[in-house]
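Geometric and topological summary
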Amino acid sequence: MGIIETHRHLLNRLLPDDKESELSLLQGQFHHVVIGSEQVVCFARTEAASERLPARAAVLRALAGLDLGFLTPRPLAEGGAPGTDEPPYLVLSRIPGLRWRRGARQPGLPKLPRPVRRAPGPGYSRRRAGTRGWRAALPPGPRRTSGRSSRRVCAPSCSR
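Worth saying up front: this structure is predicted, and the values here are computed from it rather than measured.

Rules of the game
Residues numbered from 1 in each chain as written. Predicted model: local features only at pLDDT ≥ 70, side-chain atom pairs only at ≥ 80, totals over all residues. Heavy atoms only, no water. pLDDT = per-residue confidence, 0-100. Contact = heavy atoms within 4.5 Å. Core = buried A, V, L, I, M, F, W, Y, C linked by side-chain atoms within 4.5 Å. Buried < 20%, exposed > 50% of the residue type's maximum accessible area, 1.4 Å probe, protein only. Helix = DSSP H or I, 4+ residues; strand = E, 2+ residues; numbered from the N terminus. Salt bridge = Lys/Arg side-chain N within 4 Å of Asp/Glu carboxyl O. Pairing = 2+ DSSP bridges. Axes fitted to C-alpha atoms, helices over the stretch in contact; angles between N-to-C directions.

A look at the confidence of the model for the protein
Model confidence for the protein is summarised by a mean pLDDT of 77, while 61% of its residues fall at 70 or above. Taken as a whole, residues 123-127 scores under 50 in pLDDT and shows 4 contacts with residues more than four places along the chain or in a different chain.

Pasting the structure below:
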């Protein structure tokens, strides 16, 4: 039995305007993602992923509140608290558009040269200059312990 069939009643409640036959399912390493017409439901696949759902929601809320020049999914609901029968889940707003596939191009658009494809988008320097402001808006990342030292997990562009 698949995720959609297993969580049919919950999905009917979370995505009331969508028919079960119209839902799409994507499976990642940490989540099963059920895509509806206006919302997306992420079900944690592991206990560790379920423990990270509240932090993921906090980061998405913070990113949605910043003017980064692109759309960010907004958390709409969380569920599956300990002691309930519900599985851990996060409901997000759906960003319109087509699903990206590696190597895919939009019809009618020319393929850009590699340096242009790798160049940062407009406003990058302005955003980079203000990283302290938007980094302060994000919740702290998880700690990773390696050997004797403990350090924050950080994106390559972040200053330590």
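Let's talk about the nonpolar core
Formed by Ile3, Ile4, Leu10, Leu11, Leu14, Leu15, Leu23, Val34, Val41, Phe43, Tyr89 and Val91, the largest nonpolar core amounts to 12 residues. The set of elements that each furnish at least two residues to this core consists of helix 1 (3-6), helix 2 (8-14), strand 3 (39-44) and strand 5 (89-93). With 3 residues, the single largest contributor to this core is helix 2. Not counting chain neighbours up to four residues away, the residues in contact with Leu10 comprise Phe43, Glu86, Pro87 and Tyr89. Counting residues in hydrophobic clusters, the runner-up holds 11 residues, among them Val40, Ala49, Leu53 and Ala57.

Some remarks on the pattern of salt bridges
Scanning the entire structure with this criterion turns up 3 salt bridges. In this structure, Glu20 and Arg8 form a salt bridge, with 2.7 Å as the shortest nitrogen-oxygen distance. Placement of Glu20 in the loop between helix 2 and strand 1 (24-27) and of Arg8 in helix 2 is noted, with a sequence separation of 12 residues between them. Overall, the relative accessible area of 28% leaves Glu20 in the partly exposed class. What makes Arg8 partly exposed here is its relative accessible area of 34%. Here Arg61 and Glu78 are joined by a salt bridge, their closest N and O atoms 2.9 Å apart. Within this pair, whereas Arg61 is found in helix 3 (residues 47-64), its partner Glu78 is found in strand 4 (residues 75-79), the two being separated by 17 residues in sequence. Classification of Arg61 by relative accessible area gives partly exposed; the value is 43%. For Glu78, a relative accessible area of 37% corresponds to the partly exposed category.

Considering the environment of Glu47
Of note, Glu47 is situated in helix 3. A residue is classified by how much of its surface remains accessible, and Glu47, at 60% relative accessible area, is exposed. Separated by 41 residues in sequence, Glu47 and Pro88 place their C-alpha atoms 8.9 Å apart.

Examining the sheet that holds strand 5
A sheet is described by the order of its strands in space; here 5 strands give the open sequence 1-2-3-5-4, paired in antiparallel fashion. Strands at the two margins of the open sheet, each flanked by one partner only, are strand 1 and strand 4. Ignoring which end each strand starts from, the neighbouring axes of this sheet average 20° apart. Of the strands in this sheet, strand 2 (31-35), strand 3, strand 4 and strand 5 touch helix 3, which is tilted by about 160° from strand 4.

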